[in-house]
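# Fold and contact review
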Amino acid sequence: MLTLVPSLRAFSRFLARDAALADDLVQETVLRALSKSEQFVPGTNLKAWLFSILRNFFLEQTRHRNREREVLSDYAASPDRVTQSRSPLQERETIRELDNFLWQLSPLLREALVLIGAQEMSYEDAAMVCGVTVGTMKTRVSRARTQLQTLVEDSDDENSPSA
C-alpha cells in the first residue's frame, strides 16, 4: 500500500486542486483501507481498490460541502428566518458572522453541529459517521450550541453602544 501513496497523492491533487485537501484525502483513504482491509479480495487490483476509496471519499466530501452551501444559501435567501427588515447586505453579514463563529469552535464540536444542523442527520447517523456513541454526539452538539451562543452574546456585548 505504501508504494501506491504517491499515485494516490497525484490523483487526489487532481481531484481536489488543493494540496492540503489532497493530503487529507490520501490520509483518510489509507485509514479507511486499513480499517476495511478484510473487504479487499486478494489477487484483485489493490491500486484500483484504493483509488475507488479515495474517489468515493472525495465525492462524499463534495456532496457535504455542496449541502452546506445550499443550507447557507437557503438561509440567506429567506429574510423572514432572521428579521423581516434585514437587507441582503445585512443577511450576507449575518452569514459571515455565523461562519466566523463556527470556525471558532473546536473541530469536534463544529463537526457535530454541522452534521446535526446543516446536514440534518439523526444523532444516530452522525454518531456512526464520527465513530462515537449517540450520547457523545448529543453532548458535542449541546456544547457546540452553548459555545456558539456564548460567542454570539460576547459579540453582541462588544458591539453594543455601551461597550
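That block above? That's the structure.
Described below are features of the structure shown in this document.

Criteria and cut-off values
Residues numbered from 1 in each chain as written. Predicted model: local features only at pLDDT ≥ 70, side-chain atom pairs only at ≥ 80, totals over all residues. Heavy atoms only, no water. Salt bridge = Lys/Arg side-chain N within 4 Å of Asp/Glu carboxyl O. Helix = DSSP H or I, 4+ residues; strand = E, 2+ residues; numbered from the N terminus. Buried < 20%, exposed > 50% of the residue type's maximum accessible area, 1.4 Å probe, protein only. Axes fitted to C-alpha atoms, helices over the stretch in contact; angles between N-to-C directions. Parallel < 35°, antiparallel > 145°, perpendicular 65-115°, else oblique. Left-handed = near helix turned anticlockwise from the far one by under 90°. Contact = heavy atoms within 4.5 Å. Nonpolar A, V, L, I, M, F, W, Y, C, P; charged D, E, K, R; others polar.

### Observations regarding the pattern of salt bridges
Within this structure, the stated rule accounts for four salt bridges. A salt bridge links R9 to D23; the nearest nitrogen and oxygen atoms lie 2.8 Å apart. Pair noted here: R9 is in helix α1 (residues 5-16) and D23 is in helix α2 (residues 19-35), with a separation of 14 residues, a long-range link. Judged by its relative accessible area of 35%, R9 falls in the partly exposed class. When the shortest N-O distance is used, the salt bridge between E28 and R32 registers 3.0 Å. Separated by four residues within a single helix, E28 and R32 lie in helix α2, roughly one turn from each other. If you follow the salt bridges from partner to partner, you end up with E28, R32 and E60 in one network.

### Some points on the packing of helix α5 (residues 107-118) against helix α6 (residues 123-130)
For the pair α5 and α6, the least separation of the axes is 9 Å and the interaxial angle reads 140 degrees. As far as their axial angle goes, α6 and α5 are oblique. Along this stretch, α5 crosses α6, giving a crossing that reads as right-handed. Residue-level inspection shows E111, L115 and I116 of α5 in contact with α6, the latter providing Y123, A126, V129 and C130. When the residues that make up the contact of α5 with α6 are grouped by side-chain class, the tally is six nonpolar, no polar and one charged.

What is shown is where atoms sit, not what they do.
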